Amino acid sequence: REQPLLEDDLNSSTTAPKANPKPLVSITTGSISDQEKLQDCYRILNQLSIPFEKRITSAHRTPSTMAAYGSTAPSSSIKVIVAAAGGAAHLPGMVAAFSKTVPVIGLPIKPTIGDGWDSLVSCTNMPRGCPVLTVGVNNATNAALGAARILAGWDEGVQERLEGYVDRAEAESLENDRRLQE
Ligand code: RP5
């Protein structure tokens, strides 16, 4: 797992987030068994002070709940959905179908059988008209940063904190390069 970034940048933020804000990002997994793979996503959203909610809505076990979840998203505070599932990963596509206008980031989870290719193509091979913006298998970091980039388009506070995160990551990489050459 990556080391935490951004603590100093958060402290220097001039656009403070509100206390107890409504969630801007909703993260749904298909199963409780996916939760351990989502930890980097939760950590980064917390670092960026982006309010989010966690759900478990299964396209197969709780299809009615999943449909209601997707259908009500456009009229809620939610601006981005991260949908994570493994194997027969129908959840991201079905949530995208029901939510109609909300950007859905698909996070393919590596299943217990296979390397996650099935999860990946389940997210990417959507029919025209119903996009799932897909990150790499188990790449919860990029799911969080992708959501942050979408929000940064209209939220100056998120933009500021995300810039801090990216700048810190660049500084860390340059420092690693310098140490390697010592
Ligand atoms: C998918 O099936 C879930 O997203 C999970 O990745 C996979 C296996 O689920 P469990 O059988 O572990 O609950 O729906």
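Cut-offs applied
- Residues numbered from 1 in each chain as written.
- Predicted model: local features only at pLDDT ≥ 70, side-chain atom pairs only at ≥ 80, totals over all residues.
- Axes fitted to C-alpha atoms, helices over the stretch in contact; angles between N-to-C directions.
- Helix = DSSP H or I, 4+ residues; strand = E, 2+ residues; numbered from the N terminus.
- Parallel < 35°, antiparallel > 145°, perpendicular 65-115°, else oblique.
- Left-handed = near helix turned anticlockwise from the far one by under 90°.
- Contact = placed C-beta atoms within 7 Å.
- Nonpolar A, V, L, I, M, F, W, Y, C, P; charged D, E, K, R; others polar.
- Core = buried A, V, L, I, M, F, W, Y, C linked by C-beta atoms within 7 Å.
- Buried ≥ 20, exposed ≤ 12 C-beta atoms within 10 Å, placed from the backbone.
- Pairing = 2+ DSSP bridges.

A. Examining the packing of helix α3 (residues 63-72) against helix α4 (residues 91-99) more closely. Two elements in contact, α3 and α4, have axes whose closest approach is 7 Å; the angle formed by their N-to-C orientations is 50 degrees. Here α3 is positioned oblique relative to α4, judged by the angle of their axes. In the packing of α3 onto α4, the handedness of the crossing is right-handed. Touching Met66, Ala67, Gly70 and Ser71 of α3 are Leu91, Met94, Val95, Phe98 and Ser99, all from α4. A per-class count over the contact of α3 with α4 returns six nonpolar, three polar and no charged.

B. View of the packing of helix α2 (residues 39-47) against helix α6 (residues 140-152). For the pair α2 and α6, interaxial distance at closest approach is 7 Å and the crossing angle is 35 degrees. When you trace α2 past α6, the crossing you get is right-handed. Residues Gln39, Asp40, Cys41, Ile44 and Leu45 of α2 touch α6, and the partners they reach there are Ala140, Thr141, Ala143, Ala144 and Leu145. Counted by class, the contact of α2 with α6 contains seven nonpolar, two polar and one charged residues.

C. The nonpolar core, seen in detail. Ranked by internal contacts, the top residues of the largest apolar core, which has 43 residues, are Val82 and Ile105. Other than its neighbours up to four places away in sequence, Ile105 contacts Val80, Ile81, Val82, Leu133, Val135, Ala143, Gly146 and Ala147.

D. A look at the environment of Leu107. Looking at where Leu107 falls in the secondary structure, it is placed in strand β4 (residues 104-109). Exposure remark for Leu107: the 33 C-beta atoms within 10 Å place this residue in the buried category. For the pair Leu107 and Gly164, spaced 57 residues apart in sequence, the C-alpha separation works out to 24 Å. Apart from the residues lying within four places of it in its own chain, the contact partners of Leu107 are Val82, Ala83, Ala84, Val135, Ala140 and Ala143.

E. A look at the sheet that holds strand β2 (residues 52-56). Pairing is parallel in the open sheet, where five strands are placed in the order β2-β1-β3-β4-β5. Lying at the two open borders of the sheet, with one neighbouring strand each, are β2 and β5 (133-134). Examined bridge by bridge, strand β1 (residues 25-29) and strand β3 (residues 80-86) share five bridges and lie parallel to one another. In the sheet register, Val25 faces β3, and the bridge partner there is Val80.

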